Amino acid sequence: MKYEFPQDFKWGSAVWAQGTEGAFDKDGKAPTVWDEYYRLSPERFYNEIGPSDTLNWYENYEKYAQLAQDIEHNSFRTSILWARLLPDGKTVNEKAVTYYKNMFKAFKDRGMELSIVLYWFDMPLLFEKQGGFTNRDVIDSFVYYCEKCFELFDGLVDIWYIYNEPIVDVGIKYLRDMCYPNKIDFNLTNQAIYHMVIAHAMVVKCFKEGQYNGKIGSVLNHQHIYPRSQNAGDLEAAHTLDLMTQLCFEDPLLAGILNEEWVAFLKEHHVIIEIQDGDLQLIKENKIDVLGLNIYHPTRVKCLDYLRNPKAPITFDSFTEEYQMHGRQMNKDRGWEIYPKVVYDTLMLMKEKYGNPEMRITENGMGVQDEYRFRNHVGQIQDDYRIDYVKKHLIWAYQAIQDGANLKGYNMWSFIDLWSPSNQFKNCYGFYEYDLETGETKKKKSADWFKQVTLNNGFESE
């Protein structure tokens, strides 16, 4: 069968600034929470590879833009480092401006739609020491940074994404002990969520009032939640997890409302968020234009088999347990279930619940460890498993479009092997292989396959 996508469909991939730029202390850049976490605890990073050990995109962006063009990308997504652009939080770093302008042009001049994320897990250490988004006072500094980006780079960016996976950002810092300041505090987590919602609405307002070019949105990692059964306990567990990790962002950003059940749930567990006068109206009036969705795997849950220890700290895992569905397919390297229909279910949920916003799949892909195992006789990684993964997910994306979902593009994670916050270079996702020691890049088989998908605006499959 031939799967031909709409005429204006965009094809590409993504990277993030912290994982690709390098030059972590060069030309005035200030430290981020990742730089500080590595400084304090390098032993907690896989093979002790820190955020400074990466691709040096800062100096070699032309090379990477050309590699993207070589495989016919017509869209690309990356991000800006707040700590590079405004090292002291106030003063614009002109060397950073020159870098970002030139880097953006490198992709734009090669015919790619450019999407830029403003905040991607990379809070400047300066502001994290003030509490980050747990402190409402930091919102003004964030809005100022975003406005500077709009002013400086207007006309170079097609889609601005305010956040990438905001629920992951708060989780790794305040609930999972995976990034500085390495706290486990349900109260701080939800204070940060609420302040991020308010900051988001303020940035959307700033963008619209400034009448800047392009579109404004955010990227959410909607992990579609499937209860084990229709038993009341399983359904309640699924809904509770949905409230804590998804509806707290999706309802404000997409529907312009603060979920009242979420607020009541927090109050029940002694978390009080301060809703100031004008907050609800601000949220109502500043919804996003475009939604990015990072979709990798389903989330399957069941009710707790045993009561939660009342002395234990509350986390996102406190009210549910993972359900391991019999017969599930797994990416054993990453530990994630492979269930391509999750793409369809997610897109149709957004269509039916949130009025079918313009959507892009901003991440989807397969991380594999020690891919050198799969080299052929000429040294190319034969990542047929990645091709199979992407193809099956795209088939369900195609079906969602046929059923009315307003999906406009697909960006695979990732363009090239890079440094990631959860596993550094342990599991690699790229179309291109990257040798950390030599800096050499090589195309994997999936890159050639995806090039043909882009040229044909689709593919054939049995």
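What counts, and where the lines are drawn
- Residues numbered from 1 in each chain as written.
- Predicted model: local features only at pLDDT ≥ 70, side-chain atom pairs only at ≥ 80, totals over all residues.
- Heavy atoms only, no water.
- Salt bridge = Lys/Arg side-chain N within 4 Å of Asp/Glu carboxyl O.
- Helix = DSSP H or I, 4+ residues; strand = E, 2+ residues; numbered from the N terminus.
- Buried < 20%, exposed > 50% of the residue type's maximum accessible area, 1.4 Å probe, protein only.
- Pairing = 2+ DSSP bridges.
- Axes fitted to C-alpha atoms, helices over the stretch in contact; angles between N-to-C directions.
- Parallel < 35°, antiparallel > 145°, perpendicular 65-115°, else oblique.
- Contact = heavy atoms within 4.5 Å.
- Nonpolar A, V, L, I, M, F, W, Y, C, P; charged D, E, K, R; others polar.
- Polar contact = N/O pair within 3.5 Å; in protein donor to acceptor, adjacent residues only side chain to side chain.

Enquirer: Would you explain the pattern of salt bridges in this entry?
Expert: Two side chains with opposite charge may pair up if their charged atoms get near one another. Following the criterion strictly, the structure yields 33 salt bridges and no others. A salt bridge links Asp 8 to Lys 408; the nearest nitrogen and oxygen atoms lie 3.9 Å apart. Of this pair, Asp 8 sits in the loop between strand E1 (2-4) and strand E2 (10-14) while Lys 408 sits in strand E15 (residues 407-413); the two residues are 400 residues apart in sequence, bridging distant segments of the chain. Residue Asp 8 is classed as partly exposed on the basis of its relative accessible area, which comes to 46%. Its relative accessible area of 26% is what places Lys 408 among the partly exposed residues.

Enquirer: Is there a simple way to explain the pairing of strand E6 (residues 215-220) in this structure?
Expert: For a regular strand, side-chain orientation follows a simple rule: the groups alternate between the two sheet faces. Among the six residues of E6, five are classified as buried, and the element is accordingly described as predominantly covered. Here strand E5 (residues 159-164) runs beside E6; their pairing, made up of four bridges, is parallel. Paired with Trp 160 across the two strands is Ile 216, which belongs to E6. Sheet topology places E6 next to strand E8 (residues 290-294); four bridges connect them, and they run parallel. For Val 219, the partnering residue across the bridge sits in E8 and is Gly 292.

Enquirer: Explanation requested: the packing of helix H3 (residues 57-70) against helix H5 (residues 94-108) in the structure shown.
Expert: Two quantities define a packed helix pair, namely the angle between the helix axes and the distance between the axes. For the pair H3 and H5, the least separation of the axes is 9 Å and the interaxial angle reads 10°. By the criterion of interaxial angle, the relationship of H3 to H5 is roughly parallel. Where H3 approaches H5, its residues Trp 57, Tyr 58, Tyr 61, Glu 62, Tyr 64, Ala 65 and Ala 68 are matched on the opposing element by Lys 95, Tyr 99, Asn 102, Met 103, Ala 106 and Phe 107. Tallied by class, residues from the contact of H3 with H5 come to ten nonpolar, one polar and two charged.

Enquirer: Looking at this structure, I do not really get the side chain of Asn 74. What am I missing?
Expert: Along the chain, Asn 74 turns up in the loop between H3 and strand E3 (75-79). Judged by its relative accessible area of 18%, Asn 74 falls in the buried class. Of note is the side chain of Asn 74, whose polar atom sits 2.7 Å from the backbone nitrogen of Trp 11. Those residues within four positions of Asn 74 in sequence are excluded, and the remaining contacts are Phe 9, Lys 10, Trp 11, Gly 111, Met 112, Glu 113 and Thr 454.

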